[in-house]
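What the coordinates show
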Amino acid sequence: MAKPRFTREDALNFHEAPSPGKWEVTATVPMTTQRDLSLAYSPGVAIPCEVIAEHPETAYDYTNKGNLVAVISNGTAVLGLGNLGALASKPVMEGKSVLFKRFADVNSIDIELDTEDADAFCNAVRLMGPSFGGINLEDIKAPECFIIEQRLKEEMDIPVFHDDQHGTAVICAAGLLNALHISGKKIEDVRIVLNGAGAAGIACLELLKAMGARHDNCIMCDTKGVIWQGRTIGMNQWKSAHAANTSLRTLEEAMDGADVFLGVSAKGAVTQAMVKSMAPNPVIFAMANPDPEITPEEAHEVREDAIVATGRSDYPNQVNNVLGFPYLFRGALDIHARAINDAMKIACAEALAELAREEVPDEVALAYGQKLSFGRDYIIPTPFDPRLIHRIPPAVARAGMETGVARREIADMEQYEQALKGRMDPTASVLRGLNARARAAQATMIFAEGDDPRVLRAAVQYQRSGFGKALVVGRSDDVAEKLAAEGMADAAAELEVVNAANTPHLDTYKAFLYRRLQRKGLDQHDIHRLAGRDRHVFASLMLAHGHGDGMITGATRKSAHVMELVNHVFDAGPHDGAVGVSVVMHNGRIVLIADTLVHEWPDEEDLADIATQGAQVARELGLEPRVAFVSFSTFGYPVSERATKMHRAAEVLDGRNVDFEYEGEMAVDVALNAKGQENYPFSRLTGPANVLVVPARHSASISVKLMQEMAGATIIGPILSGVDKPIQICSTVSTVNDIVNMAVMAACKARRA
Ligand SMILES: NC(=O)C1=CN([C@@H]2O[C@H](COP(=O)(O)OP(=O)(O)OC[C@H]3O[C@@H](n4cnc5c(N)ncnc54)[C@H](OP(=O)(O)O)[C@@H]3O)[C@@H](O)[C@H]2O)C=CC1
Ligand SMILES: CC(=O)C(=O)O
Ligand SMILES: [Mg+2]
């Protein structure tokens, strides 16, 4: 089993903070003035009500119906955990809702209905139909799910889609097409054994038969073994349709010589002996969640030639319906579809299979920290593949239009694909890319402030997330005590605590420090105090001597003070090329602000250096830099002595032959706003700036903190650039996540160093 990268406690904390659950509602219209109120509510709201009453299709124009999907469950088959009831299914349903949003920008609300009665369930869903553009049914057990879905499809005029049936079937079909491609077998010829004759199993086999698998070659099993013609125990009409004319009675017998095993049953249902008995190049999709029928390690141990997939994200080949439902609904909603039909599902499966066979672009490799190429360990696209959003929905929408379920046609497909690209928040891929690179770097990170509970939690998270080893500077008993107070007593044994008393290198550190500081007024006594007692200096000395790959500090003391201490060990001052760059992420935009750490009042030469470092950090994040020197004046107006250096900084860069776009000076609303830039057609920026070089550290600090406090922006940094070792200085208000993000940045830099 792959080692989980989180603990039970991590999972509970994730669901509890920053607020209980996983999503909230935000308004998309201004709700500030009396006028706003009169328009949003009575009396203005009466107008769209009357229009919709007369022309119901305009609900797609005047309400959020057209981009709103309900995820509805009664909790009778929650993942593979069984009948946990409506309430306990809510975390899964909230999860599906946020996946809709994250992957396809579909707004979604989870609804848990407390009934196992199919009539009551259907009534409730049917009555809420007007609110939604589509209904995603989830984790409802078989056979009720078949009755419920069929009835709702007949009674409702929007797509009703049982994800566990069709979402799973589509992804399974896509993966199987490619797995067979690799093993050189044809779907018409292969012997398929499917374990789990429920919602997912019945739908998977139905779709595969529609795509060419032969009934006589397919054997379905459930808890009672093989479903054979004539069996009477544990049967229903949906199972009967797949009953095989066979003398085989057990899963073990059925697996002997089979080409394909598909599992949508329960943890551990398959043994190594069963896998061993399969035909050459066997395909094994162990899709039960959260734990598969057999793990890839177990399967590969007995069959090196097996192509193995699971439903989990921590193994290669994740065959999970998350690859389907967001994009199926995106395509369906965009044509105001009445249904999601078979043609749309098959189009989705084929588009997914085709995407996996294409060369994987660098941005995906960057996000995963490894080059992926079509083969046994990559038969299906990964969920974070940014191409999914603009490749799958068009295929689905096209199929819907061709088969007559569209209320609205998409005339310009190219424009539609562009619009789909614009739906994705670039900040997510930047963070993912950093995480993947940090994981690949496996850097040993020094957390200097082991007396701070946030830092300790971050160190544990860094290590448990698989980024590398965390070294914590502090006293062992104090670290253990603080972790216990945080409810993480077990983590004390995982972390290595380093201090002046237990390091064998203290004398080396002191000698090094003395050489650097002896002519700066510090004597041996001062050196002993600094190296032995100051954790910022001690951690810096560890880093300088290669006893760690990067360092995180600054969560407990003001950054200016921390920088003074770090400068005892490193040359990280204004004249050493050091620059602090803060990354501001908000509303799908990423803007870098510099210098937020080192230069108090930079002159034009310094500003040009800062621009160069800012551009480099932008490139490291995967952004093509567009640098603006910002001020309160734009291209010389209003005239001000304070703005002159910003104007001159651009001229300094003119003489340096740099390879990035820059311009200035300009006000922030010109720098960041394409419309604002139209008034300056001579500007050399080809779009809104993404690196802002500000006049001084106070304006940098004010801008960043204002964004953080007022707008709730995510801030990473300041990233200390221009110093040869990765050092990150957090802020005293950093959260655990902020500190982990800083460690991730440092780890990415460590790999390059
Ligand atoms: N990877 C993915 O994307 C998805 C995975 N799944 C997983 O598939 C599994 C089933 O889900 P779903 O179809 O919704 O659930 P259902 O409750 O509708 O069906 C479960 C089926 O599995 C059978 N079953 C249970 N345990 C065993 C066992 N040990 N051996 C053989 N058969 C068994 C049941 O048999 P019986 O009829 O005899 O009771 C039943 O037919 C879950 O683990 C779920 O997480 C589901 C959807 C998507
Ligand atoms: C993935 C999913 O929908 C399930 O396991 O139920
Ligand atoms: Mg499910």
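Here the structure is a predicted model, which means the values were calculated and not measured.

How each quantity is defined
- Residues numbered from 1 in each chain as written.
- Chains lettered and ligands numbered in written order.
- Predicted model: local features only at pLDDT ≥ 70, side-chain atom pairs only at ≥ 80, totals over all residues.
- Heavy atoms only, no water.
- Pairing = 2+ DSSP bridges.
- Helix = DSSP H or I, 4+ residues; strand = E, 2+ residues; numbered from the N terminus.
- Axes fitted to C-alpha atoms, helices over the stretch in contact; angles between N-to-C directions.
- Contact = heavy atoms within 4.5 Å.
- Core = buried A, V, L, I, M, F, W, Y, C linked by side-chain atoms within 4.5 Å.
- Buried < 20%, exposed > 50% of the residue type's maximum accessible area, 1.4 Å probe, protein only.
- Near = heavy atom within 4 Å.
- Polar contact = N/O pair within 3.5 Å; in protein donor to acceptor, adjacent residues only side chain to side chain.
- Areas by Shrake-Rupley, 256 points an atom, 1.4 Å probe, with all protein chains shown as cover.
- Nonpolar A, V, L, I, M, F, W, Y, C, P; charged D, E, K, R; others polar.
- Patch = residues over 30% accessible without salt bridge, like charges linked within 9 Å, V, L, I, M, F, W, Y side chains within 5 Å.
- Salt bridge = Lys/Arg side-chain N within 4 Å of Asp/Glu carboxyl O.
- Disulfide = S-S within 2.5 Å.
- UniProt positions renumbered as here; feature names shortened; annotations may be inferred.

Once that is clear, we can look at the sheet that holds strand β4 (residues 160-162). One open sheet accounts for four strands, arranged β2-β1-β3-β4; its pairing is parallel. The two strands at the open ends of the sheet, each matched to only one other strand, are β2 (107-112) and β4. In this sheet, adjacent strand axes meet at a mean angle of 20° when their direction is disregarded. One ladder, built from three bridges, connects strand β3 (residues 134-137) with β4; its direction is parallel. Paired with N136 across the bridge in β4 is F161. Sheet strands touched by helix α15 (residues 325-334): β1 (68-73), β3 and β4. Its angle to β3, the strand with the most contacts, is close to 160°.

Side chains that are nonpolar tend, in soluble globular proteins, to be buried together. Judged by nonpolar contacts, the single largest core of 104 residues is most densely connected at I72, I135 and F285. Ranked by residues supplied to this core, first place goes to helix α9 (residues 163-183) with nine residues. Those residues in contact with I72 that lie beyond four places of it in its chain are I111, L113, F121, V125, M128, I135, N136, L137, E138 and I140. Within the second largest apolar cluster, 64 residues are counted, among which are A555, I610, V627 and C730.

A word on the site of ligand 2. Neighbouring residues of ligand 2: L79, K96, E138, D139, D164, N289, N320 and N321. Take N321: an N or O atom from its side chain is 3.0 Å from an oxygen atom of ligand 2. Out of a free accessible area of 210 Å², ligand 2 has 87% covered by protein chains. When grouped by side-chain class, the residues that make up the shell around ligand 2 number one nonpolar, three polar and four charged.

Another point: the site of ligand 1. Around ligand 1, the structure places 26 residues, and the nearest of them are T168, A200, T223, K239 and N321. Measuring from an oxygen atom of ligand 1, one finds a backbone N or O atom of G198 at 3.2 Å. Elements that contribute at least two residues to the shell around ligand 1 include exactly α9 and α10 (199-210).

A cluster of nonpolar side chains, namely V29, M31, L37 and Y41, defines an oily patch on the protein surface of about 420 Å² accessible area. Here V29 shows up in the loop between α1 (8-16) and α2 (34-40). Residue classification places V29 among the partly exposed positions, given a relative accessible area of 47%.

Turning to the state of the cysteines, a few remarks are in order. If you walk through the whole model with that rule in mind, you get zero disulfides. You can see C218 has no disulfide; the closest cysteine sulfur is in C172, sitting 11 Å from it. C218 gets classed as buried once you look at its relative accessible area, which sits at 1%. A disulfide-free cysteine, C348 has its sulfur positioned 13 Å from the sulfur of C172, the nearest such atom.

All right, on to the UniProt feature "binding site: a divalent metal cation" (unreviewed entry) in the protein then. As recorded in UniProt, the sites labelled "binding site: a divalent metal cation" (unreviewed entry) are E138, D139, D164 and N289. Separation in sequence by 152 residues is not matched in space for these annotated residues, since their most distant C-alpha atoms are only 13.7 Å apart. Within the secondary structure, E138 sits in the loop between β3 and α8 (144-155). Beyond its immediate chain neighbours, meaning those up to four positions away, E138 contacts V71, I72, S73, M93, K96, H162, D163 and D164. Engagement of the side chain of E138 in a polar contact is seen with the side chain of N136, the distance being 3.2 Å.

Taken together, six strands build an open sheet; the order of strands is β7-β6-β5-β8-β9-β10 and the sheet is mixed. Because the sheet does not close on itself, it has two edges, and the strands there are β7 (225-226) and β10 (307-310). Pairing of strand β8 (residues 260-263) with strand β9 (residues 283-286), which is carried by four bridges, proceeds in the parallel orientation. Each residue of the ladder has a partner; that of G263, found in β9, is A286. Contacts from α9 reach β8, β9 and β10, with the element oriented near 155° to β9.

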